[in-house]
Structure formats: C-alpha cells, structure tokens
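# A look at the structure
Residue-level listing of the chains:
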Amino acid sequence: MPASDSDHIAPVTYLFGTAPASAQAEAVQGVAVQGVAVPNARRDSSPERNGGFKPISNISMYALARRGMSAEEMFAYLLSRDFEDGEVELECERLLRGGLLDDLALAQTLVRTLTGRKGLGRGSIVAELRRRKIDSSAIEEALDDLETGEELERAIAIAQKRAPQLRSLDAVTARRRLGAFLQRKGYSGSVISTAVARALEPSGPMFR
C-alpha cells in the first residue's frame with residue numbers, strides 16, 4: 001500500500017537555528033536532537049576549574065596592569081573595594097608568592113625613574129617612596145644604589161641648565177632662586193651649595 005502524505009513528516013527546522021527550550025533541555029539530558037547526541041555533563045563553573053580568577057584576584061590583577069603597587073598599597077586598595085580583611089590578606093600573600101608584589105623591585109624602579117627622568121635628589125625620592133607605602137627596608141636597599149658623587153653630578157647638571165634663566169637677576173637673588181629650586185627637588189644642603197657655586201661661577205653657563 002503506498003504511503004500517504006502523513007507517513008512522510010518533514011524534519012523540524014527551527015527559526016534562526018535555535019531549538020526551543022524543551023529541545024534544548026533534552027539535549028542537555030543526553031537525548032539526540034537532530035541527530036547530534038549531547039553528553040549529560042555540566043560544566044564546573046568554579047573559577048579555579050575554569051582557569052579564571054576569583055573576583056578579588058580579577059580586581060588586583062587589573063590594578064597591577066595599570067601600575068606597580070607596593071604590598072601596603074594593594075592591601076589598602078582591596079579593603080577600599082569592600083573585601084574582608086582575611087580575603088585581602090590571602091590575595092596579597094598570593095601576589096607576593098608569585099612575585100607580582102615586590103616592594104624592592106618597585107623601589108628600585110622608582111629610584112631610576114625619579115633620578116633619571118625627574119632629576120630628584122635623595123630627600124624627594126625618600127618622600128615619594130614613603131608616600132607609596134613601600135617597606136622601609138626596601139627603601140634603604142634601593143637607596144644604596146644612589147652614589148653621593150652621582151647625585152652631586154646630577155645636581156650640578158640641573159643647576160647649570162637652570163642658570164641661564166637667571167641672567168637678569170643679581171648674584172644674590174640668582175643664588176637664592178637656584179638654591180630653592182634644587183631644594184624643592186630634594187637635594188641636601190651640601191650638594192646644593194656645591195651645585196649652585198659651580199653653576200654660577202664666572203665661567204659657567206650663566207655668563208656665556
């Protein structure tokens with residue numbers, strides 16, 4: 001007997017390629033849907049299993065991607081994001097173990113930047129490192145790289161560069177202005193005296 005039209009049912013085609021909720025549920029349960037068997041398994045949504053991070057770790061890593069931070073800076077920052085003390089301590093310990101928080105490395109980087117790019121003296125450098133809440137032992141070790149002779153040479157170079165701008169002033173005012181300029185950069189009194197004298201000597205750039 002020939003088959004009737006009712007014996008040939010066209011396969012169901014879902015609009016936009018998406019099965020209705022009932023069909024999706026069957027797929028999750030391992031039922032073959034449109035010839036494809038989907039295993040009955042749920043993905044573990046825990047961040048550790050999926051290679052991700054906890055919320056506190058996402059925030060700390062994002063902060064470190066923007067700039068280096070000291071351990072105390074990170075601790076205070078995470079507390080400001082309303083995480084519990086214990087959770088913050090564990091996260092900071094994780095970052096310290098992984099070398100992502102390193103006060104000495106941060107201090108050494110800042111010393112190079114503050115001397116090389118900004119020409120600051122020891123006093124201003126110490127103030128900046130303390131402002132960044134860097135551990136005191138790390139500050140001392142990083143400052144060991146600052147040689148007194150190099151600091152004096154740097155101060156002289158800065159004073160000589162500044163001196164031509166003071167040509168219109170009398171000697172006393174020029175000396176005072178130049179000394180104040182170096183003091184604001186954090187140089188010590190003895191370094192300032194030597195640098196000012198060198199910059200304002202008759203053979204210096206001020207009189208060229």
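So, here is what we can say about the structure in this document. (Residues numbered from 1 in each chain as written. Predicted model: local features only at pLDDT ≥ 70, side-chain atom pairs only at ≥ 80, totals over all residues. Heavy atoms only, no water.)

### Overview of the packing of aromatic side chains
- Taken as a whole and assessed by the stated rule, the structure comprises zero aromatic pairs.
- Above the plane of the ring of Phe181 lies Arg162, whose end atom (NZ or CZ) is 4.2 Å from the centre. (Phe/Tyr/Trp six-rings, centres within 6.5 Å; stacked < 30°, edge-to-face > 60°. Lys NZ or Arg CZ within 6 Å of the ring centre and 35° of its normal.)

### Topic: the pattern of salt bridges
- Applying the stated criterion to the full structure yields four salt bridges.
- A salt bridge links Glu73 to Arg132, with the nearest nitrogen and oxygen atoms 2.7 Å apart. Of this pair, Glu73 sits in helix 3 (residues 71-80) while Arg132 sits in the loop between helix 6 (122-131) and helix 7 (136-143), and the two are 59 residues apart along the sequence. For the residue pair Glu73 and Arg132, the accessibility class agrees, reading buried in each case. (Salt bridge = Lys/Arg side-chain N within 4 Å of Asp/Glu carboxyl O. Helix = DSSP H or I, 4+ residues; strand = E, 2+ residues; numbered from the N terminus. Buried < 20%, exposed > 50% of the residue type's maximum accessible area, 1.4 Å probe, protein only.)

### Some words on the side chain of Glu151
- Among the secondary structure elements, Glu151 is positioned in helix 8 (residues 148-162).
- For the buried Glu151, which has no salt bridge, the nearest side chain bearing the opposite charge is Arg122, at an N-O separation of 4.3 Å.
- A polar atom in the side chain of Glu151 sits 2.6 Å from the backbone nitrogen of Arg122.
- Each residue touching Glu151, except ones within four places of it in the same chain, is listed here: Gly121, Arg122, Tyr187 and Val191. (Lys, Arg positive; Asp, Glu negative; His and termini not counted. Polar contact = N/O pair within 3.5 Å; in protein donor to acceptor, adjacent residues only side chain to side chain. Contact = heavy atoms within 4.5 Å.)

### Structural notes on unusual backbone geometry
- With a phi close to 70°, Asp82 is a non-glycine residue in the positive phi region.
- Notably, Lys133 is not glycine yet its phi reads approximately 60°, a positive angle.
- Considering the arrangement of structural elements, one finds Lys133 in the loop between helix 6 and helix 7.

### Brief notes about a negative patch on the surface
- On the surface, a cluster of negative charge is made up of Glu72, Asp135, Glu140, Glu141, Asp144, Asp145, Glu147, Glu150 and Glu153.
- Counting only elements with at least two residues in the negative patch, the list comes to helix 7 and helix 8.
- When you line up the elements, Glu72 lands in helix 3.
- Glu72 gets classed as exposed once you look at its relative accessible area, which sits at 53%. (Patch = residues over 30% accessible without salt bridge, like charges linked within 9 Å, V, L, I, M, F, W, Y side chains within 5 Å. Areas by Shrake-Rupley, 256 points an atom, 1.4 Å probe, with all protein chains shown as cover. Charge placed at Lys NZ, Arg CZ, Asp CG, Glu CD.)

### Here we look at the packing of helix 8 against helix 9 (residues 171-184)
- With their axes 11 Å apart at the nearest point, helix 8 and helix 9 run at an angle of 135° to one another. Our classification of the angle between helix 8 and helix 9 gives oblique. Here helix 8 and helix 9 pass one another in a crossing that is right-handed. Residue-level contacts link Ala155, Ile158, Ala159 and Arg162 of helix 8 to Leu178, Phe181 and Leu182 of helix 9.
- Taken together, the residues that form the contact of helix 8 with helix 9 break down as six nonpolar, no polar and one charged. (Axes fitted to C-alpha atoms, helices over the stretch in contact; angles between N-to-C directions. Parallel < 35°, antiparallel > 145°, perpendicular 65-115°, else oblique. Left-handed = near helix turned anticlockwise from the far one by under 90°. Nonpolar A, V, L, I, M, F, W, Y, C, P; charged D, E, K, R; others polar.)

### Examining helix 4 (residues 85-97)
- With 13 residues, helix 4 should cover 18 Å at 1.5 Å per step; its first-to-last C-alpha distance of 18 Å lies within 8% of that length.
- Burial in helix 4 covers these residues: Val88, Glu91, Cys92 and Leu95. All buried residues of helix 4 fall inside an arc of 100° around its axis, so they share one side. The outward face of helix 4, more than 90 degrees from its buried face, is lined by the exposed residues Leu90 and Arg97.
- At the exit of helix 4 stands Gly99, carrying a positive phi of roughly 75°. (Expected span 1.5 Å × (residues − 1). Arc of directions from axis to C-beta.)

### Thoughts on the nonpolar core
- The biggest cluster of nonpolar side chains holds 17 residues, and the ones touching the most others in it are Ala159, Leu178, Leu182, Tyr187, Ala195, Val196 and Leu200.
- Taken together, the elements giving at least two residues each to this core come down to helix 8, helix 9 and helix 10 (189-200).
- Tallying contributions element by element places helix 10 first for this core, with six residues.
- The contact partners of Tyr187, leaving out residues within four places of it in the chain, are Gly119, Leu120, Gly121, Glu151, Arg154, Ala155, Ile158, Leu182 and Ile192.
- Residues Leu110, Ile139, Ala142 and Leu143 belong to the second largest nonpolar core, which totals 15 residues. (Core = buried A, V, L, I, M, F, W, Y, C linked by side-chain atoms within 4.5 Å.)

By themselves, these are just geometric observations and shouldn't be taken as functional.
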